[in-house]
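Results of the structural survey
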Amino acid sequence: MTENRCPPGALLSAYVDREVDPSEERRVGLHLAGCGGCRARVRSLGRLKLAMRHRPTPSMPADLREDLLRMARDADARRRARRSPWARLSEAALELAAGLRARPAWAAAGAALLLTVALAGRRIQARPEALTQGPEALTQGPEALTQGPEAVSVDFVLAAHNEYSRTLPLASTEKIMTELPVQISSAGSEEGSDVY
Amino acid sequence: MSTRLFAAALAAVLAWPPASAAEPRVGAAEPRVGAAEPRVGAAEEAPDASELLRQGAVPPAVAYAGEVSVVTRYGGRTRTRELLVSFVPPNRFRRELVDSSGYTAHVVVSDGATEWIYDRARRRVWKTTPDDADHKLLGPEDELDLLAQNYDARVTGQEDVAGRRCWVVTVRGQGESPAVRTLWIDRKTGLVLQSKSQQGDGTISSTMRFVRVEFPSSIDETSFRFAPPPGAAVVTSALKPGYLELEDARLAAGIDPVHPRWLPQGFVFESLNVLPHGGDTFLHFRYSDGVEALSLFQYPKAARLDFGELPVRQVRLAAGDARVTEGPDGKVLDWPRRGQRVVLVGNLPLETLRRVAESLE
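Residues numbered from 1 in each chain as written. Chains lettered and ligands numbered in written order. Predicted model: local features only at pLDDT ≥ 70, side-chain atom pairs only at ≥ 80, totals over all residues. Heavy atoms only, no water.

**Some points on the overall build of chain A**
- Each helix and strand counted, chain A has eleven helices and one strand in total.
- Moving toward the C terminus, one meets the helices and strands of chain A in the order α-α-α-α-α-α-α-α-α-β-α-α.
- Across the 196 residues in chain A, those meeting the buried criterion constitute 43%.
- Here chain A displays about 10,200 Å² of accessible surface, and carbon together with sulfur accounts for 54% of that area. (Helix = DSSP H or I, 4+ residues; strand = E, 2+ residues; numbered from the N terminus. Buried < 20%, exposed > 50% of the residue type's maximum accessible area, 1.4 Å probe, protein only. Areas by Shrake-Rupley, 256 points an atom, 1.4 Å probe, with all protein chains shown as cover.)

What follows is the structure in structure tokens.
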């Protein structure tokens, strides 16, 4: 590659990923300094790669989801008949794992679900009063357990909106700056799962 | 009476009432659109309004420090907040949000490369990357052109703010009840020392005003550096501001972006961002008419939106129930759509947001 000739897309992509050797990196860097088109391409690749890192896993097929919900309900019914809450969770987890062995492609989704159940157990442990509210969370299915943690704070969307509003030509930066820090602070949870 | 004396007398009449009396005050009756606006003194030719706006749209070329009062009105409530600000060109700044007792509650510091947001009460720090408007799909010049297409900008007078002589520029939207933005731009530096936003019905939604400003030759560099206090938790942001095309977002998020078939007059799609949240991905569509921003959020799950302390009421959309609240940033309209959560945010009338929402179906 000469410094004047645009590098191929694969090389730019490797450059963005920092997967080129130092001499190649220097040559690409020199080229970028004088080529607006390639700089724009690198910026676009960088944005896209950043976004791809946050690509979610595909949604679960309806039939598998139904199976998992049924198993969770069955396990809960049995527990209510004879077991403590923690024994119920263990049993449900084992049944879920057995179901997932038959569908290895969804092992990751199942693992996430098990993790959610485990986290819910931790929350129940931290808030003993939750136990007195009965086992409705499990009888309603795993999605009931996830709704709490997945609640989206209005401050999250307002902060994102204001981050963008800051860039507009007549934006009142000072006005936005009286709102944004508070929103960013409020959007994060107490448990450290902040997105900012 | 000589011509010169007549001109001076006319200028004095047009300049009445004095600037201090014309400045908005909390609790004062809200002026309405169409009320008498300040006019340029007859003895002096006004500069080009669009050129003044270009000046006001970029940070000034001089350092400044001061004290700012921000008043927002929403849902029958009025809230005042105070900021201590300092800035050194091109992009270093410090802003301290001070509560009513004088306690600095939040600090935002940027050295141009890193931006820090510190919540003193929670002892929590967010480290993030300053936004770079050059990466937007709609560049700064394009946005000023969009503003010029959708708004009529005029120099309507001169007034003093914080002891500085300012040009008053009124930016008025189109239509029967247009939104109006008024800016007081420092004549010497181009810094916007006061701004006022009025809704289409004439009520003031917010005012920002420097109550004190100075332009020192230098500001201590340590003001723009930040070291997290011992014991403070530091969260590194994963949210680098992004500006994606629709197709990029489809690849990035793996979900089909929804896109309204109707937008308010003058609004265009600017870009889309992908926001990680709770292991999933929010799509954030950004629309602009050059002055106002409209955000549409699409979340691939029917998660619930927690409105916190904001008052919420139910409204009816063609596709079902929705919830709406009004805060200092405008209205938030939230509704479930085919197993997903959709949220609109904008400082626009509810009917306008409703029409955007219904055009998704």
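That covers the picture; the talk isn't over yet.
**Quick look at the overall build of chain B**
- Along its length, chain B carries six helices and 20 strands.
- Burial status across chain B gives 51% buried among its 361 residues.
- Of the contacts made within chain B by residues no fewer than 6 positions apart, 50% connect residues no fewer than 24 positions apart.
- Just so you have it, chain B exposes about 16,600 Å², and 50% of that area is on carbon and sulfur atoms. (Contact = heavy atoms within 4.5 Å.)

**What to know about the packing of helix α1 (residues 9–16) of chain A against helix α2 (residues 22–34) of chain A**
Residues and elements named next belong to chain A.
- Remark: α1 packs on α2, axes separated minimally by 11 Å, with the N-to-C direction vectors making an angle of 105 degrees. As the angle between them shows, α1 and α2 are arranged roughly perpendicular. In contact with Leu11, Leu12 and Tyr15 of α1, α2 contributes Glu24, Glu25, Val28, Gly29 and Leu32.
- Looking at the contact of α1 with α2, its residues break down into five nonpolar, one polar and two charged. (Axes fitted to C-alpha atoms, helices over the stretch in contact; angles between N-to-C directions. Parallel < 35°, antiparallel > 145°, perpendicular 65-115°, else oblique. Nonpolar A, V, L, I, M, F, W, Y, C, P; charged D, E, K, R; others polar.)

**Notes on the packing of helix α3 (residues 49–57) of chain B against helix α4 (residues 140–150) of chain B**
Residue and element names in this part refer to chain B.
- In the contact formed by α3 and α4, the axes pass within 11 Å of each other and the chain directions differ by 135 degrees. It follows from the interaxial angle that α3 and α4 lie oblique. Here α3 and α4 pass one another in a crossing that is right-handed. Seen from α3, the contacting residues are Leu53, Arg54 and Ala57; seen from α4, they are Glu141, Leu144, Asp145 and Leu147.
- Residue classes in the contact of α3 with α4 are distributed as four nonpolar, no polar and three charged. (Left-handed = near helix turned anticlockwise from the far one by under 90°.)

**Quick word on unusual backbone geometry**
Residues and elements named next belong to chain B.
- With an omega of 5 degrees, the peptide bond running from Pro89 to Pro90 counts as cis.
- Along the chain, the position of Pro90 falls in the loop between β2 (77–88) and β3 (92–98).
- Here Arg123, not a glycine, exhibits a phi torsion of approximately 50 degrees, which is positive.
- Following the sequence through the fold, Arg123 ends up in the loop between β5 (115–119) and β6 (124–128).
- Under the relative-accessibility criterion, Arg123 is labelled partly exposed at 38%.
- Positive phi, close to 50 degrees, is recorded for Ala162, a residue that is not glycine.
- Within the fold, Ala162 resides in the loop between β7 (152–161) and β8 (164–172).
- Among the residues examined, Ala162 registers a relative accessible area of 28% and is labelled partly exposed.

**Let's talk about the pairing of β7 of chain B**
Residue and element names in this part refer to chain B.
- Relative to β8, β7 runs antiparallel, the two sharing nine bridges. Its bridge partner being in β8, Gly157 is matched across the sheet by Val168.
- Between the end of β7 and the start of β8, which pair antiparallel, lie two residues, with Ala162 showing a positive phi angle near 50 degrees. (Pairing = 2+ DSSP bridges.)

**Concerning the environment of Phe267 of chain B**
All names here are of chain B.
- By the secondary structure assignment, Phe267 is in the loop between α5 (246–253) and β13 (268–277).
- Assessed through its relative accessible area of 9%, Phe267 is described here as buried.
- Taking the C-alpha atoms as reference points, Phe267 and Leu294, 27 residues apart in sequence, are found 8.3 Å from one another.
- Those residues within four positions of Phe267 in sequence are excluded, and the remaining contacts are Tyr287, Ser288, Asp289, Glu292, Ala293, Leu294 and Leu348.

**Observations regarding the interface of chain A and chain B**
- Contacts between the two partners involve 51 residues from chain A, matched on the other side by 85 residues from chain B.
- Regarding the contact of chain A and chain B, the summed buried area is about 5,700 Å², with carbon and sulfur atoms giving 62% of it.
- Looking at the side of chain A facing chain B, the largest losses of area belong to Tyr164, Leu170 and Glu174 of chain A, adding up to 14% of the total buried there.
- Taken together, the links from chain A to chain B amount to four salt bridges.
- Remark: the boundary between chain A and chain B carries 15 residue pairs in polar contact (both at pLDDT 80 or more).
- No other element matches the twelve residues that helix α11 (residues 173–187) of chain A contributes to the side of chain A that touches chain B.
- Partitioned by chemical class, the residues of the side of chain A that touches chain B number 22 nonpolar, 18 polar and eleven charged.
- Sheet topology places strand β1 (residues 152–153) of chain A next to strand β16 (residues 305–306) of chain B; two bridges connect them, and they run parallel. (Buried area = accessible area lost by both parts, 1.4 Å probe. Salt bridge = Lys/Arg side-chain N within 4 Å of Asp/Glu carboxyl O. Polar contact = N/O pair within 3.5 Å; in protein donor to acceptor, adjacent residues only side chain to side chain.)

**Some details on the side chain of Arg95 of chain B**
- Tracing the backbone shows Arg95 of chain B in strand β3.
- Exposure remark for Arg95 of chain B: the relative accessible area of 7% places this residue in the buried category.
- With residues up to four places along the chain from it excluded, the contact list for Arg95 of chain B reads Thr173, Glu174 and Met177 of chain A together with Tyr64, Leu83, Leu84, Val85, His106, Val107 and Val108 of chain B.

**Considerations on the confidence of the model for chain A**
Residue and element names in this part refer to chain A.
- With 46% of its residues at a pLDDT of 70 or more, chain A has an overall mean of 63.
- Ranking the elements of chain A by mean pLDDT puts helix α8 (residues 136–139) last, at 29, and helix α10 (residues 154–165) first, at 89.
- Taken together, the stretch residues 101–105 has pLDDT below 50 and engages in three contacts with residues farther than four places along the chain or on a different chain.
- Counted against residues more than four places away or in other chains, residues 107–149, with its pLDDT under 50, gives 43 contacts. (pLDDT = per-residue confidence, 0-100.)

**Some points on the environment of Trp116 of chain B**
All names here are of chain B.
- Mapped onto the secondary structure, Trp116 falls in strand β5.
- Taking the relative accessible area as the measure of exposure, Trp116 reaches 13% and is therefore buried.
- Taking the C-alpha atoms as reference points, Trp116 and Arg225, 109 residues apart in sequence, are found 9.0 Å from one another.

**Digging into the pattern of salt bridges**
- If you walk through the whole model with that rule in mind, you get 19 salt bridges over all chains.
- In this structure, Arg212 of chain B engages Glu67 of chain B in a salt bridge whose closest nitrogen and oxygen atoms are separated by 3.5 Å. Here Arg212 of chain B, found in strand β11 (residues 204–214), pairs with Glu67 of chain B, found in strand β1 (residues 64–74); they are 145 residues apart in sequence, far enough to count as distant.
- We classify Glu67 of chain B as partly exposed; its relative accessible area is 29%.
- We note a salt bridge from Arg212 of chain B to Glu214 of chain B, for which the minimum N-O separation is 3.7 Å.
- Taking the relative accessible area as the measure of exposure, Arg212 of chain B reaches 37% and is therefore partly exposed.
- Taken together, the salt bridges that share partners define one network made up of Glu163 and Arg166 of chain A together with Glu115 of chain B.

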